[in-house]
Amino acid sequence: MTLDGINLDFFQKLSILIPKGRFSFGPTRKVDIPKRNGGTRPLGIADSRDKIVQKGMAVILEQLSEHRFHECSFGSRRGKSTHDALAYIKRKVPSGM
């Protein structure tokens, strides 16, 4: 068990709630972050349980949509970096251009 009380029982309940569409995200904790000019700006911090569900959803959506991207698409994709984009350009663009 963790400090947030997340244990195997939590994941078992999730496996029942999510397929039924019954999971509800909790309230976001609001924190004031200081700014350089002396003011503050609000920042919302999600609960650990919500972050687990959000990450799970992101992994599933990435797998479902990966095949829709073009070979030359590199932005914000898992396993695709700036280095990959530069290597792609070097392969595809004739030298001297």
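Our subject is the structure listed above.
The structure contained in this document is the topic of the report that follows. Since the structure is predicted, the reported quantities are computational estimates derived from the model, not experimental observations.

1. Here we look at the pattern of salt bridges
In total, this model carries two salt bridges according to the counting rule given. The residue aspartate 9 makes a salt bridge to lysine 13 at a minimum N-O spacing of 3.3 Å. Placement of the pair is aspartate 9 and lysine 13 together in helix α1 (residues 8–17), with a separation of four residues, close to one helical turn. For aspartate 9, a relative accessible area of 37% puts it in the partly exposed group. Lysine 13 sits in the partly exposed class, given a relative accessible area of 48%. Note that arginine 49 and aspartate 47 form a salt bridge whose closest N and O atoms lie 4.0 Å from each other.

2. Some remarks on the pairing of strand β2 (residues 40–45)
Bridge analysis of strand β1 (residues 29–34) against β2 gives six bridges, and the strand direction is antiparallel. Following the sheet pairing, proline 34 is matched in β2 by threonine 40. If you look at the hairpin formed by β1 and β2, you'll find five residues sitting between the two strands, and glycine 38 has a positive phi there, around 100°.

How each quantity is defined
As a convention, each chain's residues are numbered from 1 in the sequence order in which they are written. Note on the predicted model: pLDDT of at least 70 is required for a residue's local features to be given, and 80 or more for side-chain atom pairs to be given and counted; whole-chain, interface and lining totals, by contrast, use all residues. To obtain the side-chain values, all non-hydrogen atoms of the structure were included, while hydrogens and water were left out. Think of a salt bridge as a Lys or Arg side-chain nitrogen and an Asp or Glu carboxyl oxygen that are within 4 Å of each other. Runs of H or I in DSSP of at least four residues are treated as helices and runs of E of at least two as strands, each being numbered from the N terminus. Only protein chains enter the calculation, and the probe is 1.4 Å; a residue is then buried if its accessible area is under 20% of its type maximum, exposed if over 50%, and partly exposed in between. In short, DSSP must find at least two bridges between two strands for them to pair.

Shape is all these values report; function is a separate question.
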